Amino acid sequence: MRYISVCSGIEAASVAWAPLGWEAVAFSEIDPFPCAVLAQRFPGVPNLGDMTSADWRQFRGKIDLVVGGTPCQSFSIAGNRDGLDGASGIVREYIRLLRVVRPRVFVWENVVGALSSRRGDDFRFILGRWDDLGYSVAWRVLSAEGFGVPQARRRVYAVGYLGGWRYPASVLFEPDGVRGATACGRKDGQSVPEDDADGAREEGGIEEARRPVLVRMRQGKPGGWQRPASFRRQKPHARHGK
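Note that the structure is a prediction, hence the values are computed from the model and not measured. (Residues numbered from 1 in each chain as written. Predicted model: local features only at pLDDT ≥ 70, side-chain atom pairs only at ≥ 80, totals over all residues. Heavy atoms only, no water.)

I'd love a proper account of the pattern of salt bridges, names of residues and values included.
Going through the model one piece at a time under the given rule, you end up with 9 salt bridges. We note a salt bridge from Arg118 to Asp85, for which the minimum N-O separation is 2.7 Å. Of the two residues, Arg118 is situated in the loop between α4 (113–116) and α5 (121–132) and Asp85 in the loop between β3 (65–68) and α3 (91–101); the sequence distance between them amounts to 33 residues. On the basis of relative accessible area, Arg118 is assigned to the partly exposed category, the value being 38%. Among the residues examined, Asp85 registers a relative accessible area of 62% and is labelled exposed. (Salt bridge = Lys/Arg side-chain N within 4 Å of Asp/Glu carboxyl O. Helix = DSSP H or I, 4+ residues; strand = E, 2+ residues; numbered from the N terminus. Buried < 20%, exposed > 50% of the residue type's maximum accessible area, 1.4 Å probe, protein only.)

Could you give an account of the packing of α3 against α5, with specific residues and numbers?
The interhelical angle for the contact between α3 and α5, taken along N-to-C directions, is 10 degrees, at an axis separation of 10 Å. Our classification of the angle between α3 and α5 gives roughly parallel. Contacts between α3 and α5 involve Val91, Arg92, Ile95 and Leu98 on the former and, on the latter, Phe125, Ile126, Arg129 and Trp130. For the contact of α3 with α5, a count of residues per class yields 6 nonpolar, no polar and 2 charged. (Axes fitted to C-alpha atoms, helices over the stretch in contact; angles between N-to-C directions. Parallel < 35°, antiparallel > 145°, perpendicular 65-115°, else oblique. Contact = heavy atoms within 4.5 Å. Nonpolar A, V, L, I, M, F, W, Y, C, P; charged D, E, K, R; others polar.)

Can you lay out α5 for me, pointing to particular residues and giving the numbers?
With 12 residues, α5 extends 16 Å from end C-alpha to end C-alpha; this agrees with the ideal 16 Å at 1.5 Å per step. All buried positions along α5 are accounted for by Asp122, Phe123, Arg124, Ile126, Leu127, Gly128, Trp130 and Asp131. Of the residues flanking the end of α5, it is Gly134, one or two places downstream, whose phi is positive at about 90 degrees. (Expected span 1.5 Å × (residues − 1).)

Let's hear about unusual backbone geometry: which residues, and what values?
One non-glycine residue, Cys7, lies in positive phi territory at about 50 degrees. In this structure, Cys7 sits in the loop between β1 (2–6) and α1 (12–17). Residue Cys7 is classed as partly exposed on the basis of its relative accessible area, which comes to 26%. Phi at Glu11 is positive, roughly 70 degrees, even though this residue is not glycine. Within the element layout of this structure, Glu11 appears in the loop between β1 and α1.

Talk me through the confidence of the model for the protein chain; I want residue IDs and the actual numbers.
Summary statistics for the protein chain give a mean pLDDT of 79 and a share of 71% for residues scoring 70 or more. Contacts of residues 177–215 to residues separated by more than four positions or lying in other chains number 93 contacts, the stretch itself having pLDDT below 50. (pLDDT = per-residue confidence, 0-100.)

Would you mind going over helix α2 (residues 32–41) in detail, with residue names and values included?
Here α2 has its buried residues at Pro34, Val37 and Leu38. Axial view of α2: buried residues confined to an arc of 100 degrees, hence all on one face. Of the residues in α2, the exposed ones pointing more than 90 degrees away from the buried face are Pro32, Phe33, Ala39 and Gln40. At its buried positions, α2 is contacted by β2 (23–28). (Arc of directions from axis to C-beta.)

Requested: an account of the pairing of β2, with residues and values cited.
Among the 6 residues of β2, 5 are classified as buried, and the element is accordingly described as predominantly covered. Pairing of β1 with β2 involves 5 bridges; the strand directions are parallel. Each residue of the ladder has a partner; that of Arg2, found in β2, is Glu23. Where the polypeptide runs from β1 across α1 and back to β2, its parallel neighbour, the crossover connection is right-handed. (Pairing = 2+ DSSP bridges. Right-handed = clockwise from strand over helix to strand, strands pointing away.)

Tell me about the side chain of Ser28, residues and numbers included.
Examined against the element boundaries, Ser28 turns out to sit in strand β2. Among the polar contacts made by the side chain of Ser28, one reaches the main-chain carbonyl oxygen of Gly49 at a distance of 2.5 Å. Beyond its immediate sequence surroundings of up to four residues, Ser28 is in contact with Ser5, Val6, Cys7, Ser8, Asn47, Leu48, Gly49, Asp50, Met51 and Trp56. (Polar contact = N/O pair within 3.5 Å; in protein donor to acceptor, adjacent residues only side chain to side chain.)

Pasting the structure below:
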């Protein structure tokens, strides 16, 4: 599996995937300290720097997967909630990367506030662009505490695939504990802490309130996606692909 990692940081993804034998083809990072770490730990992998100016055409048809957690500042309730008009709007560059490179699979990570930003409209926009590119997408909110980390750090993870929805669903879905499952370390009936909800209870947001673990999926349509006339009137959490 050959992959590109953007907003790479110190490359947690590469550390996790190394035992699988997956190959990092290129990174995209601009902060000096992470860049120094990447240069020392991965000397054979080029760091293309700013993803907004990178020329991705050289990788078209040569990459299996793209991974990245784009800036979260204007999605997060800790920020000014400017959504796509703020720093988090760089997700458009992530979408451009997918359009140019056309990987079979992508993985995207962000704060849970991405689901409720502008009452869910920002995430609807992102989903629409993935649809346009033909990706079927599953997304789920996971907390670090469920993976051995002593921290309730909740993030949304989206997996996209150029094909049917079953592949991305198989990555994030589990046979037991799908919608409404209780997160590890939280007793049944215990509410999500105010500083952990990250905008979940905003009316109209895509995330359902007080659901610590969420899974969703939608079917992409190769060749383009047509927005149905009733799209805005549908309940966001009920949108499943046909």
